[in-house]
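Chains, contacts and geometry: an overview
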Amino acid sequence: SRHERLALAHLALDGLSLGDAFGDTFFGRPANPDAIRARIDARELANAPWPYTDDTQMALSLVAVLRDKGYVDQDELAASFAAHYEPGRKYGASMHGLLRGIQQGHPWREGATSQFEGQGSYGNGAAMRVAPLGAFFADQLDTVVEQATLSAEVTHAHPEAIAGAIAIAAATALAWQLRQDGLLPSRTEFIDLILPFLPESQVRNKARRARDISETTSVEAVAAMLGSGYAISAPDTVPFVLWCAGEGLGNYTEALWLTIRGMGDMDTTCAMVGGIVALSCPEPALPTTWLATREPLPTWVK
Ligand code: R7I
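Since we're looking at a predicted model, the values are computed, not measured.

What the protein contains, in helices and strands, is 17 helices and 0 strands. In terms of overall size, the protein behaves like a compact globule, its C-alpha atoms giving a radius of gyration of 17 Å where 302 residues would be expected to give roughly 19 Å. Taking the principal axes of the C-alpha coordinates as reference, the protein spans close to 50 × 40 × 35 Å. For the protein, the proportion of contacts with a sequence separation of at least 24, taken over those separated by at least 6, is 74%.

Given below as structure tokens:
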């Protein structure tokens, strides 16, 4: 039912926003990477509150549109992104102009297709917000692919960004399906299930590499091989995320502690992993103490 679908979308939203907020607390605190690594080794959590960023802000709009329409109405989604644009949420560089343009009445499709001199953005921003959509349509993977594509196009017209969004949405849906079946696959098996849904792309080629990395490889080495989002692009972020999610299925906090070791675009890698893995965990999926530390979500998504 619509009610059950929405509950799953909210579980993914909580997993995503908590990962986002958790990851963001490591940025620049302290300033040098070795000191950040020491904090991670000691599992030192930041004091409350943990503010969420654009990853969550845009995911809120996606959930609101799915709640109201039951599918991705692109005009509604664009309008919601623009209505809830908060410049201080650390958006990707090209999003400010795009969202301000929509606010001023410019058509979203023109804005999205003209980003980066007409290439469209291949930033990781379409993938970062999409886990709740994968959860909402979790029992229908063909619909996940179609709706993830529609959700990406509103801001990210480049095929790599779309492939990244499909990958994260499909991973979320599969995480839920596998848990329903009582299965906890290996990372290799998990990524192997995602690959058939991905269009030919760098994202898919690197996801295949992520599937095949040998068992003994450290997360730091995997981050160096695949990229952990320093470029803020879909191909530099999504394959690493699939590896982390596959390794962390069934245990939310361990999945995030693993992901954060990759450094890179930490709020966004943790948002994506958190959204996927939340759907794979036995209830309660998320640590209540961490949830109480995250900045509360606004009431307009309820
Ligand atoms: O993808 P996007 O929404 O950014 C999301 C990321 C997340 O980490 C957020 O937390 C936030 O920090 O940013 O925003 P975009 O500006 O569309 O894309 C992000 C970046 O990808 C851009 O700033 C560019 O560096 C890069 N990029 C491109 N570079 C060259 N040519 C994306 N598309 C292109 C391109 O076509």
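On to the environment of Gly134. As for its position among the elements, Gly134 is in helix 8 (residues 131-136). Linking Gly134 and Ala169, residues 35 residues apart in sequence, is a C-alpha distance of 4.1 Å. Discounting residues that sit within four places of it in the chain, Gly134 has contacts with Val144, Ala169, Thr172 and Ala173.

Counting residues in each nonpolar core, the largest one holds 108 residues, and the members touching the most others are Phe22, Leu133, Ile168, Phe190, Val238, Leu242 and Leu279. Sorting elements by how many residues they give to this core places helix 10 (residues 159-180) first, with 14 residues. If we ignore the near neighbours within four places in the chain, the residues touching Leu242 are Ala167, Ile168, Ala171, Ile191, Ile194 and Ala207.

Our focus in this paragraph is helix 11 (residues 187-194). The complete set of buried residues in helix 11 reads Arg187, Phe190, Ile191 and Ile194. Projected onto a plane normal to the axis of helix 11, the buried residues spread over an arc of 90° and lie on a single side.

Once that is clear, we can look at the site of the ligand. Around the ligand there are 22 residues in total, and Ser94, Ser121, His156, Asp265 and Thr268 lie nearest to it. One nitrogen or oxygen atom from the main chain of Gly125 is found 2.8 Å from an oxygen atom belonging to the ligand. Between the ligand and the protein, one listed contact pairs an oxygen atom with a side-chain N or O atom of Asp265 at 2.5 Å. For the ligand, whose accessible area on its own is 700 Å², the fraction buried by protein is 85%. For the shell around the ligand, the secondary structure elements donating two or more residues are helix 3 (54-69), helix 7 (125-128) and helix 16 (266-278). Partitioned by chemical class, the residues of the shell around the ligand number 7 nonpolar, 10 polar and 5 charged.

On to the side chain of Arg129. Locating Arg129 in the fold gives a position in the loop between helix 7 and helix 8. Buried within the structure, Arg129 lacks any salt-bridge partner; Asp54 is the closest side chain of opposite charge, at an N-O distance of 8.0 Å. At 2.8 Å, the side chain of Arg129 forms a polar contact with the side chain of Thr155. If we skip the residues at most four places from it in the chain, Arg129 touches Leu16, Asp55, Met58, Ala59, Leu62, Phe81, Ser151, Ala152, Thr155 and His156.

Quick look at the packing of aromatic side chains now. Pairs of aromatic rings are described using the distance from one ring centre to the other and the angle between the two planes. What the rule picks out here adds up to 9 aromatic pairs. Arranged with centres 5.1 Å apart and planes meeting at 65°, the rings of Phe22 and Phe26 form a pair that is edge-to-face. Taking 6.1 Å as the distance between ring centres and 85° as the angle between the ring planes, the aromatic pair formed by Trp257 and Trp290 counts as edge-to-face. Remark: Trp290 occurs in helix 17 (residues 288-293) and Trp257 occurs in helix 15 (residues 252-260); sequence separation between them is 33 residues. Across the pair, Trp290 and Trp257 agree in class, each one buried.

Once the charged atoms of two side chains with opposite charge are near each other, the side chains can pair. Under the defined criterion, the tally for this structure stands at 15 salt bridges. We note a salt bridge from Asp139 to Arg5, for which the minimum N-O separation is 3.6 Å. Placement of the pair is Asp139 in the loop between helix 8 and helix 9 (141-153) and Arg5 in helix 1 (residues 2-24), with a sequence separation of 134 residues. Salt-bridge contacts for Arg294 lead to Asp14; the nearest nitrogen and oxygen are separated by 2.8 Å. Remark: Asp14 occurs in helix 1 and Arg294 occurs in the segment after helix 17; sequence separation between them is 280 residues. Of the residues examined, Asp14 reaches a relative accessible area of 22% and is grouped as partly exposed. Here the salt bridges do not stand alone but share partners, grouping Asp41, Glu220 and Arg261 into one network.

So, how was this worked out
- Residues numbered from 1 in each chain as written.
- Predicted model: local features only at pLDDT ≥ 70, side-chain atom pairs only at ≥ 80, totals over all residues.
- Heavy atoms only, no water.
- Helix = DSSP H or I, 4+ residues; strand = E, 2+ residues; numbered from the N terminus.
- Rg over C-alpha atoms; globule rule 2.2 N^0.38 Å.
- Contact = heavy atoms within 4.5 Å.
- Core = buried A, V, L, I, M, F, W, Y, C linked by side-chain atoms within 4.5 Å.
- Buried < 20%, exposed > 50% of the residue type's maximum accessible area, 1.4 Å probe, protein only.
- Arc of directions from axis to C-beta.
- Near = heavy atom within 4 Å.
- Polar contact = N/O pair within 3.5 Å; in protein donor to acceptor, adjacent residues only side chain to side chain.
- Areas by Shrake-Rupley, 256 points an atom, 1.4 Å probe, with all protein chains shown as cover.
- Nonpolar A, V, L, I, M, F, W, Y, C, P; charged D, E, K, R; others polar.
- Lys, Arg positive; Asp, Glu negative; His and termini not counted.
- Salt bridge = Lys/Arg side-chain N within 4 Å of Asp/Glu carboxyl O.
- Phe/Tyr/Trp six-rings, centres within 6.5 Å; stacked < 30°, edge-to-face > 60°.

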